[in-house]
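# What the coordinates show
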Amino acid sequence: MPRQFAITIGINHYRYHRYGLGSLKCAENDAVAMQAYLKEIGFEEVYRYSDTSPPIREEPTVPERTNLLTILDSIENQHSLKADDCFWFFFSGHGASQATSDYLMPTDGNPRLLADTAISTNRVIRALKRSGAGNIVLILDMCRNEIPGKAMGNETERLAKQEGIITLFSCSPGQRSYELPRQKQGAFTWALLEALRGECCPTRSNAKDLSRFLRNRVPQLVQQFGQQQIPWLIAEPYEKGTQVLLPSEATPTPATSPTSQPSPTLDKLKADALTATYIDKDLEQAEYLWEQINLLATTPEDRKQALDQIREIGNIRLRLQAPEEPPKRSTPPTFSQPIAPKAPPTRPVPAQPSTPELESEKGIDYTRLRDLLTAGEWKEADKETADRMLEAIGKQHWWYVEHEDPLNVPCKDLKMIDRLWVHYSKGKFGFSVQKHLYVNCGAKLDSNYPGNKLWKEFCDRVGWRRDGKWQAYENLNFDLSLSPTGELPAEVVFRVRGQQSVFRGHRADGEFASSLFSHRNL
């Protein structure tokens, strides 16, 4: 059984508050709650350093710089952990940056003397790596814009990538982390514990699933402040994103035979995954199955096969989008941001000759749409798509759009819009991508509403419904790495929903989409 250790740090009160380190109200509660949870699930030792934490073996735990350096030195020099062992480091408090170094602020940290009074994240990462543990998780619940001119920079991200340490930031660069007065905890830590306990996140065993949940949940919790807080994940190389975070909480692995042969359950999954990959060519289903195999794998060989197949699915997607190019081994996808399970490996944008040309039977200008997609401005591109589609349909307002109108969009225009989306999203977004998923759900291309069951199933797959609830347009991800395959374009469907749902509920958007996907040239 892997050994599991952790340090949780929570600092409410700072000695040098006059230099910009305001007092916090919930940081200590965050550390206490995290310590309690990790102990509950069987961590061998969880050291807590907070304003009122008791001594550990007569050693003081006030989160001053000297005490924190002492425990880091102990981790670095006294623990002999192994590759399967876990070490979690949780910090809730203030952070700062100076020159090329990032710092965690202890209770006696002085923003004017960071190098002499703070703890560099380089020092923390070095200690964690030298502990010998192979499963290291660094969690930082703090603002990244707190001290003017000294906001948390990119150095920690660079080091985390370099050392292969899974790192969760409570917010994105330049954002603040908010506290929830009613819950008496930070919004990020509250959501993190919800996920780890399985209260609202049924799949949280790996960094990728956990990050996906947090990037949806945390903004919901902080919307009362009228601000954005979007958690940020670092998990590289690729294997880190699907690595089981908590062995004690992982999905139970099917029992193996005395000869250590793969279990029938795993064999069946492999057979289904290979069929989906090479016979049915259902890449969406294949990728999902290989991810499950990776989680259930009991041998390095099984795990390597699963990861190799996930990469190969990414290569297949690239070849499908660029058949004129000879097949090449692409760079494995990384997890610099929270990654959705269906994102293909990233690669440079193709050279100009392969860029779709702008064509229109009605003389519509699609230059702005192309420019927005080129820049990765997915939400604005989605809105621009809806505006140009309305123009192509020939209507003045969405009130007047009928469900059969998509059939009247000029063939050249619809194909060109779809090519732009597919091209710049590398096969993840586009009407044709949605059409493929729509048919896979069992719907027919007859322009008729497929029925509530099939429509809900399709909307679940593209993320327009989550956990059985219809999503507002503003709650979509609009993120190439985070969004489910087929999430966009969505505005054309959501506008029909918004204008007509008062009469027909969610059937209105389903009727419109059924006609769109049935277009003979899509």
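What you see as residue numbers is a count from 1 along each chain, following the sequence as written. Residue-level local features of this predicted model are given only where pLDDT is at least 70; pairs of side-chain atoms are given and counted only at 80 or more, and the full residue set underlies all totals for whole chains, interfaces and linings. Neither water nor hydrogens contribute to the side-chain values; these are computed over all heavy atoms in the structure.

## Considering the packing of helix H13 (residues 378–393) against helix H14 (residues 411–424)
One way to put it is that H13 packs onto H14 with a least axis distance of 12 Å and a crossing angle of 175°. Considering their axes alone, H13 and H14 lie roughly antiparallel with respect to each other. Counting all contacts with H13, which are made through Trp 378, Ala 381, Asp 382, Thr 385 and Met 389, the residues of H14 involved are Leu 414, Ile 417, Trp 421 and Tyr 424. Residues are grouped as follows: Ala, Val, Leu, Ile, Met, Phe, Trp, Tyr, Cys and Pro are nonpolar; Asp, Glu, Lys and Arg are charged; all remaining types, including Gly, are polar. Tallied by class, residues from the contact of H13 with H14 come to seven nonpolar, one polar and one charged. Orientation is described by axes fitted as lines to C-alpha atoms, over the contacting stretch for helices, and by angles from 0 to 180 degrees between their N-to-C directions. A run of H or I in DSSP counts as a helix once it spans at least four residues, and a run of E counts as a strand once it spans at least two, with each numbered from the N terminus. In this scheme, roughly parallel covers angles under 35 degrees and roughly antiparallel covers those over 145, while 65 to 115 is roughly perpendicular and the rest are oblique. We call two residues in contact when some of their heavy atoms are within 4.5 Å.

## Comments concerning the pairing of strand S7 (residues 135–141)
To sort residues, take the accessible area from a 1.4 Å probe on protein chains only and compare it with the maximum for the residue type: under 20% means buried, over 50% means exposed, and anything in between is partly exposed. Judged by how many residues are buried, S7 sits mostly within the fold: seven of seven residues are covered. The pairing of strand S3 (residues 86–92) with S7 spans seven bridges and is parallel. Pairing of Cys 86 across the sheet is with Asn 135, part of S7. Of the pairings in the sheet, the one linking S7 to strand S8 (residues 166–169) comprises four bridges and is parallel in character. Opposite Leu 140, over in S8, you have Phe 169 as the bridge partner. Two strands qualify as a pair provided that DSSP identifies no fewer than 2 bridges between them.

## Observations concerning the confidence of the model for the protein chain
Per-residue confidence for the protein chain gives a mean pLDDT of 82; residues scoring 70 or more make up 83%. Counted against residues more than four places away or in other chains, residues 250–264, with its pLDDT under 50, gives 13 contacts. Looking at any residue, its pLDDT shows the predictor's confidence there, from 0 to 100. Here residues 323–353 is a poorly scored stretch, pLDDT under 50, and it has 82 contacts once near neighbours within four places are set aside; other chains count.

## Observations concerning the packing of aromatic side chains
Note on aromatic contacts: the rings of Phe and Tyr and the six-membered ring of Trp form a pair at centre separations within 6.5 Å, being stacked when their planes are under 30 degrees apart, edge-to-face when over 60 apart, and tilted otherwise. On inspection of all chains with the given rule, the structure shows 16 aromatic pairs. When the ring of Phe 458 is compared with that of Trp 464, the centres are 5.7 Å apart and the planes differ by 90°; the resulting orientation is edge-to-face. The interplanar angle of 85° and the centroid separation of 5.7 Å between the aromatic rings of Trp 464 and Phe 494 together place this pair among those described as edge-to-face. A residue pair is termed long-range when its members are at least 10 positions apart, and Trp 464 in the loop between helix H16 (452–462) and strand S12 (465–466) and Phe 494 in helix H17 (residues 491–504) qualify at 30 residues. On the accessibility criterion, Trp 464 (0% relative accessible area) is buried. Linked through ring pairs, Tyr 438, Trp 455, Phe 458, Trp 464, Tyr 473, Phe 478, Phe 494 and Phe 517 together constitute an aromatic cluster. Note on geometry: a ring has a charge over it if NZ (lysine) or CZ (arginine) is within 6 Å of the ring centre and within 35 degrees of the ring normal. Over the face of the ring belonging to Phe 169 we find Arg 144, whose NZ or CZ atom lies 4.0 Å from the ring centre.

## Notes on the pattern of salt bridges
The working definition used for a salt bridge is a side-chain nitrogen of Lys or Arg within 4 Å of a carboxyl oxygen of Asp or Glu. In the structure shown here, the tally under the stated rule is 23 salt bridges. One salt bridge in this structure joins Arg 3 and Glu 44, with 2.7 Å as the shortest N-O distance. With Arg 3 in the segment before strand S1 (4–10) and Glu 44 in the loop between helix H1 (27–40) and strand S2 (45–50), this residue pair connects regions lying 41 residues apart in the sequence. Judged by its relative accessible area of 44%, Glu 44 is partly exposed. Residue Arg 126 pairs with Glu 76 through a salt bridge whose shortest N-O separation is 3.6 Å. Linking Arg 126 in helix H4 (residues 121–130) with Glu 76 in helix H2 (residues 65–78), this pair joins segments that are 50 residues apart in sequence. Each member of the salt-bridge network shares a partner with another, and the members are Glu 76, Arg 123, Arg 126 and Arg 130.

## Observations concerning empty space enclosed by the protein
Grid spacing is 1 Å over the protein atoms alone, the probe is 1.4 Å, and a cavity is where that probe fits but cannot get out, while a pocket is an open set with protein on both sides within 12 Å along at least five of seven lines and lining residues have an atom within 4 Å of a point. Grid points are joined across faces, edges and corners, and a volume is the space filled by probe spheres set on the points. Scanning the model with the defined rule gives two cavities of 30 Å³ or more in all. Lining the largest cavity are Ile 7, Ile 9, Leu 68, Ile 71, Leu 72, Phe 89, Phe 91, Leu 104, Ile 119 and Val 124. When residues of the lining of the largest cavity are traced back to their parent elements, those giving at least two are S1, H2 and S3. Ranked by residue count, the leading element in the lining of the largest cavity is H2, at three residues. Classifying every residue of the lining of the largest cavity by side-chain character gives ten nonpolar, no polar and no charged.

## Points about the packing of helix H6 (residues 187–196) against helix H7 (residues 207–222)
Contact geometry of H6 with H7 gives a least axis separation of 9 Å together with a crossing angle of 135°. Considered as vectors, H6 and H7 are oriented oblique to each other. Crossing of H6 against H7: the hand is right-handed. Here Ala 187, Phe 188, Trp 190, Ala 191, Leu 192, Glu 194, Ala 195 and Leu 196 of H6 lie close against H7, whose contacting residues are Leu 210, Phe 213, Leu 214, Arg 217, Val 218, Leu 221 and Val 222. In this scheme, a crossing is called left-handed if the near helix is turned counterclockwise away from the far one by less than a right angle; it is called right-handed if the turn is clockwise.

## A word on the pairing of strand S5 (residues 101–104)
For strand S4 (residues 95–98) and S5, the ladder comprises four bridges, and the chain directions are antiparallel. Directly across from Gln 98, in S5, lies its bridge partner Ser 101. Between S4 and S5, which pair antiparallel one after the other, the connecting turn spans two residues, and Ala 99 there sits at a positive phi close to 55°. Pairing geometry for S5 and strand S6 (residues 119–120), over two bridges, is antiparallel. In the strand pairing of S6, Tyr 103 is matched with Ser 120.

## Observations concerning the environment of Ala 306
Structurally, Ala 306 is set in helix H11 (residues 300–321). Ala 306 sits 17 residues away from Leu 289 along the chain, and the two C-alpha atoms are 8.9 Å apart. For Ala 306, the contacting residues outside a window of four places in its chain are Trp 290, Ile 293 and Asn 294.

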